[in-house]
Amino acid sequence: MKARGERIACLTCYDASFARLLEAAGVDVLLVGDSLGMVLQGHATTLPVTLKQMAYHCACVARARQRALIVADLPFLSYATPERALDAAARLMQEGGAQVVKLEGGAPVVETARLLAAQGVAVCAHLGLLPQSVNRLGGYRYQGRDPASAETIRRDALALQEAGAVLLVLECVPAELARQISQSLSIPVIGIGAGNGCDGQVLVLHDMLGLNPRPPGFSKDFLAGRPGLEAAVRAYVEEVRSGAFPGPDQTSY
Ligand code: KIV
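Residues numbered from 1 in each chain as written. Predicted model: local features only at pLDDT ≥ 70, side-chain atom pairs only at ≥ 80, totals over all residues. Heavy atoms only, no water.

**Q** Which parts of the structure should I look at to understand the overall build of the chain?
**A** Scanning the chain from N- to C-terminus turns up 10 helices and eight strands. In terms of overall dimensions, the chain is globule-like: its C-alpha atoms have a radius of gyration of 17 Å, near the 18 Å expected for 253 residues. Overall size of the chain, expressed as C-alpha extent along the three principal axes, is 50 × 40 × 40 Å. Within the chain, counting contacts between residues at least 6 apart in sequence, those at least 24 apart form 61% of the total. (Helix = DSSP H or I, 4+ residues; strand = E, 2+ residues; numbered from the N terminus. Rg over C-alpha atoms; globule rule 2.2 N^0.38 Å. Contact = heavy atoms within 4.5 Å.)

**Q** Explain the environment of R179 to me, please; I cannot follow it from the model alone.
**A** Position of R179 relative to the elements: it lies in helix α8 (residues 175–184). A relative accessible area of 32% means that R179 is categorised as partly exposed. Sequence-wise, R179 and G197 are 18 residues apart; in three dimensions their C-alpha atoms are separated by 4.4 Å. If near-sequence neighbours (up to four positions away) are discounted, R179 is found in contact with N196 and G197. (Buried < 20%, exposed > 50% of the residue type's maximum accessible area, 1.4 Å probe, protein only.)

**Q** Is there a simple way to explain the sheet that holds strand β8 (residues 200–203) in this structure?
**A** In any sheet, the strands associate via hydrogen bonds between backbone groups, in a parallel or an antiparallel arrangement. Within the closed barrel, the eight strands sit side by side as β1-β2-β3-β4-β5-β6-β7-β8. Their pairing is parallel. Taking the axes of each pair of neighbouring strands and ignoring which way they run, one obtains an average angle of 25 degrees across the sheet. Pairing analysis gives five bridges linking strand β4 (residues 100–104) to strand β5 (residues 122–128), with the strands arranged parallel. Each residue of the ladder has a partner; that of V100, found in β5, is A122. (Pairing = 2+ DSSP bridges. Axes fitted to C-alpha atoms, helices over the stretch in contact; angles between N-to-C directions.)

**Q** When you look at the site of the ligand in this model, what are you seeing that I'm missing?
**A** If you check the shell around the ligand, you find T12, L31, G33, D34, S35, D73, K102, H126, V169, E171 and I192 and nothing else. Contact between the ligand and D34: an oxygen atom at 3.1 Å from a side-chain N or O atom of the residue. Here an oxygen atom of the ligand sits 2.5 Å away from a polar atom, N or O, in the side chain of S35. In terms of residue class, the shell around the ligand is made up of three nonpolar, four polar and four charged. (Near = heavy atom within 4 Å. Polar contact = N/O pair within 3.5 Å; in protein donor to acceptor, adjacent residues only side chain to side chain. Nonpolar A, V, L, I, M, F, W, Y, C, P; charged D, E, K, R; others polar.)

**Q** I would appreciate a short explanation of the side chain of T45 in the present structure.
**A** Tracing the chain through its elements places T45 in the loop between α2 (36–39) and α3 (51–64). With sequence-adjacent residues up to four places away left out, T45 is seen in contact with G37, M38, V134 and Y140.

**Q** Looking at this structure, I do not really get the environment of S184. What am I missing?
**A** When you line up the elements, S184 lands in helix α8. For S184 and L36, which are 148 residues apart along the polypeptide, the C-alpha to C-alpha distance reads 32 Å. Looking at S184, its side chain comes within polar contact range of the main-chain oxygen of I181, at 3.0 Å.

**Q** Just checking my understanding: could you explain the packing of aromatic side chains for this structure?
**A** The geometry of an aromatic ring pair is captured by the separation of the ring centres together with the interplanar angle, meaning the angle of the planes. Scanning all chains against the criterion turns up three aromatic pairs. Note on F222 and F245: the rings are 5.4 Å apart at their centroids and 75 degrees apart in plane angle, and the pair reads as edge-to-face. Of this pair, F222 sits in the loop between α9 (205–208) and α10 (229–242) while F245 sits in the segment after α10, and the two are 23 residues apart along the sequence. Taken as a pair, F222 and F245 share a single burial class, namely buried. (Phe/Tyr/Trp six-rings, centres within 6.5 Å; stacked < 30°, edge-to-face > 60°.)

**Q** Just to check I follow, could you spell out the packing of helix α4 (residues 82–94) against helix α5 (residues 107–118) for this structure?
**A** Packed helix pairs are specified by the crossing angle of their axes together with the interaxial distance, meaning the distance between the axes. Two elements in contact, α4 and α5, have axes whose closest approach is 10 Å; the angle formed by their N-to-C orientations is 45 degrees. In terms of orientation, α4 lies oblique with respect to α5. The handedness of the crossing between α4 and α5 is right-handed. Mapping the contact onto sequence places P82, A85, L86 and A89 in α4 and T112, L115 and L116 in α5. (Parallel < 35°, antiparallel > 145°, perpendicular 65-115°, else oblique. Left-handed = near helix turned anticlockwise from the far one by under 90°.)

Okay, structure coming up:
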């Protein structure tokens, strides 16, 4: 899709019913995100989510999936050593049916990404705001706003592509930085809170359906004014494809 210049529509998905609905509405990538710890389980962060829970939700999605690509998060500390990363990826793929596994971080995870890729695992990298590092970051804050941290994100993105990552999620970085990184990489870059210059977009399902009482500023309620869930998701897919979403109201420059 990147090569054809078609924007990729991705949403988080945690169960079979929504997997069916999202696919019917044209979503390309179903992300079984560890955000399920917040939106399904009610935790304040993604840190309590376990590998067993991720494999369970991934399997629920995989049972209904027909066409869309399934990406699943490796949860907090499940890839802290190369051995753990291989075991965790195996579980998400063998028990959960994941096609791609996602891990957060830059330089510290490059060798892990390389090892996974060398073993045949399709890896999605995740840079910018890293929710699993919220305690080190001191909150859910935009990253890459000063020249030094922007340069680190640029360098990490290139290193992860070179290590074999097939996809990159960029979360909460300035739109111009995300645009430059998307243009400089050959792999697709999926943005969230990163402006509309990326190759695709992802949102947390519950945020874009208006179910989060305090949604992030980069999200949008697609259910508002629409007759039902499928219409809301179709509108999201159309706005991602056309580049209308995210608009200036959902963009940090
Ligand atoms: O867990 C998740 O839902 C994610 C997205 C926010 C990109 O990683």
